[in-house]
Amino acid sequence: MLGYLLRRLLATIPVLVIVAVLVFLMLRLTPGDPAAIIAGDNATTQQIELIRNRLGLDQPILTQFGIWAGNLLQGNLGESFFFKKTIGELILGRIEPTLSLAFLTIVIAVSVAVPLGVLAAYRHGSWIDRIVMGFSVLGFSVPVFVIGYLLIYIFAISLGWFPVQGYQPLADGFGGFIQRLILPAITLSVIYIALIARMTRASVLEVLSEDYIRTARAKGQVERIILFRHALKNAAVPIVTVVGIGIALLIGGVVVTESVYAIPGLGRLTVDAVLARDYPTIQAVILLFSAVYVAINLAIDMAYMLFDPRIRY
Amino acid sequence: MNAEQPVLEITGLSISLPGGGDRKHAVEDVSFSVAPGEIVCVVGESGSGKSVTAFSVMGLLAKVLKPVAGSIRLEGEDLLSATPQRLRALRGDRMAMIFQEPMTALNPVLTIGDQIEEVLRIHTELGPEERRARVIDMMASMRLPDPERIHASYPHQISGGQRQRVMIAAALVLDPALLIADEPTTALDVTTQAQILKLIKELQGRRGTGVLFITHDFGVVAEIADRVVVMEQGRVVEQGPAEQVLKAPQHPYTRMLIAAVPSLKPALRQPMTGPMALETIGLGKTYRSGGLFQKQRSVVAASQVDIKLRRGETVGIVGESGSGKTTVARCVARLMPPSEGAILVPDIDIAMLPERRLRPYRRKIQVVFQDPFRSLNPRRTVGDSIIEGPVNFGLAPAQALERARGLMSLVGLQPQALDRYPHQFSGGQRQRIAIARALAMEPEILIADEAVSALDVSVQRQVLNLLADVQEKFNLAILFITHDLRVAAQICDRIVVMEKGVIVEQGPTGAVFSAPAHAYTKALIEAAPGKSFGL
């Protein structure tokens, strides 16, 4: 198994190299000049030229890539054109809100969706099943920003239970942290609840017709344990897959939510960096996202082994 | 023995079928009882209601099936009026059940020990140490090798026979009054079956357990039953002591069932002298896994297999699971490439031919598979399935359809039924369709891979007769793969016995059965159930 882990880790290297090259080239090919944006509307051509020279953007593309890649290999992500900080610091400052949001979202999604899905499978064909599945379709269909503004309207503006926007770091107290995070997390979780509940229902439903469920009943086991111990563990592999893909999509999807709720996370950083043509920051953030995707995929494969002893690498 | 109170007493039980079925009741007016220490076999073909009866005792009927009349008493207690809680308390404790498929009856993601201990966790207050000790003890009395290791193993790590022993251990660990066994040996090899039957008999005798044993196999009945209940179409048609039912069956259905059990005594057959249809020389198949980074692993599934098959002849390959018989069949049909050796049909070696050059020969070799429920595409009409092959080989669809109509009559089905879908046919009818599909290619060699194993005995006999008919009509060479010695004895001209990937013995059927040369062949014949009754 350790060998497998090592092989998988080695396999991520070419993935990250390809991502790095593509991002670098694509940014250089998109219109818009970082130097002109930094210099402002009233700058002269000489001033812009000066900035371009300082940022190294007057070098040939290959040289620029060489410098960036060289720094990268030494663990140096470079310096932001726009924020005047090293990118390491920049990301570190923005990572907490994003991770908190993603984590809370997935916790809410899994803890709501899995029991709902199991219940729907157990009572399939009943009104409970129909309600869960109806909610699922709704969750898929309504866009995130609609849910977001709807929740803000109901819970923040009408009821006044939660603040409309903003973020408070965990270090400043858990109450305020969670109070500000809960609406965005619920907003984001809706679609994942829909997705995971559906997958759980389908997967558990299939398992419930297996012979070993009948065996468990023949032993006199109660339904609750049959569902959550015998059935769910067997149904886990597809569910884990969806949850994993959910986390990956979630981290990509924070760009929108963080904008709606004005949360200073990686999503906002990405948007700001793109608007400012802040090449080094964009490159670093995208590289980070790809690394996370690869890591999540690996984690999913490892989780399979946890649930199914027949899967061994 | 019957002076005591019966463990199980079923009186006038009727269970309704939901509307739209072919009959109103799944079982109707069924009455019988099981005394302590007694083994009662309920025998019948599929659809006879024997399993429904068993599941109604456990309270595990599908929701659409409802008992509408009669009573079921376990040690005097009425089960039909018991609450779900009470039934749960009785299941696993006073009554226990083992099932047909040990492969699927155990939860694949929980350890063996955990699954046996579960019964103790549900029904007793024992602590973890005591539970473990008791389970290990129980496993040892099941003659499971190395109980400590198996306790920590998962189901996929042990053999089918061991899994069934585990199931029995879980069923008997609390000494229930009643054990219900639903075809517990049907999915096992004959030698394993013989061991499991012996084990059940020994354990229930020692513990005084009453056993309700569901089976379709009169051979098994002869081995194990004290009393026999014969069911047909949901009704009990005959019951009585095993001796009496087996030796002097009263009801025509019972007589038909007993007569349909193929005899172990082979019919006298003339040696075949027709032209050679197929010859394998040194055929072998080794499965390899692993790759660039992984350790290479290889499993020899078959090696040095030499078989000769003439036109008009039936050669049987018999053996247990893992013997390599199916591997040989698949290689001969070139459903997979062999690793070594030659397959002559009869003038060209197709063993290593690339697909493009192999194609013309594919027509000559056709296969009928074991499971007629899965070998026909459920979304295509049987007509489409039958004509697909000939059309692929260039026959005009209209002509192919004409041929399909003729074949349907030949296999005993209505030609109009070509427009129907597989689920509209019974298992036996589907197997006829599968034979028609194979014959549509006008093959010279037919491979029957356990083609009658999933069928009821009466249907099995019909399909075997059909195979004999078409063999004569088309001068077919048939390679008959089976685990069932009785069937092999009846239809094969020559027998090839395989064990662990190699041929241990081959010869004319009569010679192999009357004077088996190899120890394994002897063990196989010895293990065939029901021999003592002359079945």
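Residues numbered from 1 in each chain as written. Chains lettered and ligands numbered in written order. Predicted model: local features only at pLDDT ≥ 70, side-chain atom pairs only at ≥ 80, totals over all residues. Heavy atoms only, no water.

Pulling in residues and values, what's your account of the overall build of chain B?
A count of helical and extended segments in chain B gives 20 helices and 19 strands. Its C-alpha atoms give chain B a radius of gyration of 25 Å, near enough to 24 Å, the size a compact globule of 535 residues would have. Along the three orthogonal principal directions, the C-alpha set of chain B runs to about 70 × 55 × 45 Å. Within chain B, buried positions represent 55% of all 535 residues. About 22800 Å² of surface is accessible on chain B, with carbon and sulfur atoms providing 50% of the total. (Helix = DSSP H or I, 4+ residues; strand = E, 2+ residues; numbered from the N terminus. Rg over C-alpha atoms; globule rule 2.2 N^0.38 Å. Buried < 20%, exposed > 50% of the residue type's maximum accessible area, 1.4 Å probe, protein only. Areas by Shrake-Rupley, 256 points an atom, 1.4 Å probe, with all protein chains shown as cover.)

Give a detailed account of the environment of B:Pro18, specifying residues and quantitative values.
All names here are of chain B. Following the sequence through the fold, Pro18 ends up in the loop between β1 (8-16) and β2 (25-34). Judged by relative accessible area, Pro18 falls into the partly exposed class, the value being 37%. In this structure the C-alpha to C-alpha distance between Pro18 and His423, which are 405 residues apart in sequence, comes to 19 Å. Apart from residues no more than four positions distant in its own chain, Pro18 is found in contact with Val64 and Leu65. (Contact = heavy atoms within 4.5 Å.)

Can you explain the interface of chain B and chain A? Please cite residues and give values.
Counting residues at the interface gives 29 residues for chain B and 19 residues for chain A. The junction of chain B with chain A conceals about 2300 Å² of combined surface from both sides, 57% of it contributed by carbon and sulfur atoms. When the area that chain B buries against chain A is broken down by residue, the three leading residues are B:Arg88, B:Val109 and B:Glu118, summing to 24%. Among the salt bridges present, the one from B:Glu118 reaches A:Lys219, with a minimum N-O distance of 3.0 Å. Across the contact surface, chain B and chain A share 14 residue pairs in polar contact (both at pLDDT 80 or more). (Buried area = accessible area lost by both parts, 1.4 Å probe. Salt bridge = Lys/Arg side-chain N within 4 Å of Asp/Glu carboxyl O. Polar contact = N/O pair within 3.5 Å; in protein donor to acceptor, adjacent residues only side chain to side chain.)

Explain the packing of helix α5 (residues 87-122) of chain A against helix α8 (residues 174-208) of chain A to me, and be specific about the residues and the numbers.
Residues and elements named next belong to chain A. Direction vectors running N to C along α5 and α8 enclose 35 degrees, while the axes themselves pass 5 Å from each other. Judged by the twist between their axes, the crossing of α5 over α8 is right-handed. Looking at side-chain class alone, the contact of α5 with α8 contains 27 nonpolar, five polar and two charged residues. (Axes fitted to C-alpha atoms, helices over the stretch in contact; angles between N-to-C directions. Left-handed = near helix turned anticlockwise from the far one by under 90°. Nonpolar A, V, L, I, M, F, W, Y, C, P; charged D, E, K, R; others polar.)

Report on the domain arrangement of chain B, specifying residues and quantitative values.
Residue and element names in this part refer to chain B. What the domain assignment lists for chain B is domain 1 (1-94 + 178-260), domain 2 (99-175) and domain 3 (276-533). The centre of domain 1, based on its C-alpha atoms, is set 24 Å off from the matching centre of domain 2. Where domain 1 packs against domain 2, one counts two salt bridges. Across the pair Arg207 and Asp175 runs a salt bridge whose closest N-O atoms are separated by 2.9 Å. The tally of links from domain 1 across to domain 2 stands at nine residue pairs in polar contact (both at pLDDT 80 or more). Broken down by secondary-structure element, the contributors of at least two residues to the side of domain 1 that touches domain 2 are α2 (84-90), β7 (178-182) and α8 (190-207). Per-element accounting of the side of domain 1 that touches domain 2 gives the leading share, eight residues, to α8. Within the side of domain 1 that touches domain 2, the residues separate by chemical class into ten nonpolar, four polar and eight charged. (Domains from an automatic or database assignment.)

So what's going on with the confidence of the model for chain B? Which residues, and what values?
Per-chain confidence: chain B averages 89 in pLDDT, with 97% of residues scoring 70 or above. In the predicted complex, the global pTM is 0.81; the interface-specific ipTM is 0.80. (pLDDT = per-residue confidence, 0-100.)

Any chance you could break down the nonpolar core for me, citing the residues and the numbers?
The biggest cluster of nonpolar side chains holds 91 residues, and the ones touching the most others in it are B:Leu178 and B:Phe213. Sort the elements by how many residues they give to this core and helix α7 (residues 160-172) of chain B lands first, with seven residues. With residues near it in sequence (within four places) discarded, B:Phe213 still touches B:Ile39, B:Val40, B:Cys41, B:Val42, B:Ala181, B:Pro184, B:Leu197, B:Ile200, B:Val220 and B:Ile224. Counting 53 residues, the second largest nonpolar core, distinct from the first, contains A:Tyr167, A:Val242, A:Val260 and A:Ile263. (Core = buried A, V, L, I, M, F, W, Y, C linked by side-chain atoms within 4.5 Å.)

Before we move on, can you summarise the sheet that holds strand β6 (residues 95-98) of chain B with the specific residues and values?
Residues and elements named next belong to chain B. Sheet architecture is open: six strands sit in the order β6-β7-β8-β3-β9-β10, paired in mixed fashion. Each edge of the open sheet is held by one strand with a lone partner, namely β6 and β10 (235-241). Each strand of the sheet is rotated relative to its neighbour by a mean of 15 degrees, with strand direction disregarded. Bridge analysis of β6 against β7 gives four bridges, and the strand direction is parallel. (Pairing = 2+ DSSP bridges.)

An account of the layout of surface pockets is needed here, citing residue identities and associated values.
Any empty space left between atoms is shown by rolling a water-sized probe over those atoms. The computed volume of the second largest pocket comes to approximately 1200 Å³. In terms of lining residues, the second largest pocket is bounded by 35 residues, among which A:Arg217, B:Leu60, B:Leu61, B:Ala62 and B:Lys63 are the most central. For the lining of the second largest pocket, the element with the highest residue contribution is helix α1 (residues 50-58) of chain B, accounting for five residues. (1 Å grid on protein atoms, 1.4 Å probe; cavity = no way out; pocket = protein on both sides within 12 Å on 5 of 7 lines; lining within 4 Å. Points joined across faces, edges and corners; volume = space filled by probe spheres on them.)

Tell me about the state of the cysteines, and please be specific about residues and values.
Per the stated rule, a full pass over the model turns up zero disulfides over all chains. No disulfide involves B:Cys492; its sulfur sits 20 Å from the nearest other cysteine sulfur, which is in B:Cys331. (Disulfide = S-S within 2.5 Å.)

Account for the confidence of the model for chain A, with residues named and values stated.
Residues of chain A with pLDDT of at least 70 account for 100%, and the chain-wide mean is 87. Per-element mean pLDDT across chain A ranges from 79 in helix α2 (residues 34-39) of chain A up to 94 in helix α9 (residues 211-218) of chain A.

Account for the packing of aromatic side chains, with residues named and values stated.
For any two aromatic rings, the description comes down to two numbers: the centre-to-centre distance and the angle of the planes. Residue and element names in this part refer to chain A. Under the definition given, this model contains eight aromatic pairs over all chains. Both rings, one in Phe24 and one in Trp68, keep their centres 5.5 Å apart while their planes meet at 25 degrees; by these two values the pair is stacked. Taken together, the residues span a long stretch of sequence, with Phe24 in helix α1 (residues 2-29) and Trp68 in helix α4 (residues 61-73) at a distance of 44 residues. Judged by relative accessible area, Phe24 falls into the buried class, the value being 1%. Note on Trp68: relative accessible area 10%, which makes it buried. Look at Tyr167 and Phe177: their rings are 6.2 Å apart centre to centre, the planes differ by 80 degrees, and that puts the pair in the edge-to-face class. (Phe/Tyr/Trp six-rings, centres within 6.5 Å; stacked < 30°, edge-to-face > 60°.)

Break down empty space enclosed by the protein for me, with residues and values.
In this structure the tally under the stated criterion is four cavities of 30 Å³ or more. Its volume calculated, the largest cavity comes out at about 80 Å³. Contributing to the lining of the largest cavity are A:Thr215, A:Ala218, A:Lys219, B:Gly92, B:Ala96, B:Met97, B:Phe99, B:Val119, B:Met167, B:Ala170 and B:Ala171. Elements represented by at least two residues in the lining of the largest cavity include exactly α9 of chain A together with β6 and α7 of chain B. By residue number, the principal contributor to the lining of the largest cavity is α7(B), which donates three residues.

Tell me what's going on with a nonpolar patch on the surface, and back it up with residues and numbers.
A grouping of A:Leu150, A:Tyr153, A:Ile154, A:Ile157, A:Leu159, A:Trp161 and A:Val164 is seen on the molecular surface, where their side chains present a nonpolar patch of about 700 Å² in accessible area. By secondary structure assignment, the location of A:Trp161 is in the loop between α7 (144-158) and α8. (Patch = residues over 30% accessible without salt bridge, like charges linked within 9 Å, V, L, I, M, F, W, Y side chains within 5 Å.)

Go over the sheet that holds β2(B), please, and point to the residues and values.
Residue and element names in this part refer to chain B. Pairing is antiparallel in the open sheet, where four strands are placed in the order β2-β1-β4-β5. Of all the strands in the sheet, the pair left with one neighbour each is β2 and β5 (77-78). With six bridges connecting them, β1 and β2 associate as antiparallel partners. Opposite Glu9, over in β2, you have Ser33 as the bridge partner. Packed on one face of the sheet, α1 meets β1, β2 and β4 (66-74) and runs near 110 degrees to β1.

So what's going on with the pattern of salt bridges? Residues and values would help.
Residue and element names in this part refer to chain B. Taken as a whole and judged by the stated rule, the model has 32 salt bridges over all chains. Asp114 is the partner of Arg121 in a salt bridge, and the nearest nitrogen-oxygen pair spans 3.1 Å. Look at Arg121 and you get partly exposed, because its relative accessible area is 32%. The exposure class assigned to Asp114 is buried, which follows from its relative accessible area of 18%.

Explain helix α12 (residues 325-332) of chain B to me, using residue names and the numbers behind them.
Residues and elements named next belong to chain B. Most of α12 is tucked away, with six of its eight residues classed as buried. Taken together, the buried positions of α12 are occupied by Lys325, Thr327, Val328, Ala329, Cys331 and Val332. Arg334 lies just past α12 and shows a positive phi near 55 degrees.

Describe in detail the side chain of A:Asp278, supporting the description with residues and values.
All names here are of chain A. Here Asp278 lies in the loop between α11 (266-275) and α12 (279-307). Take Asp278: its relative accessible area is 0%, and that puts it in the buried class. At 2.5 Å, the side chain of Asp278 forms a polar contact with the side chain of Ser80. The contacts of Asp278, once residues within four sequence positions are left out, are Ser80, Phe81, Phe82, Phe83 and Ala273.

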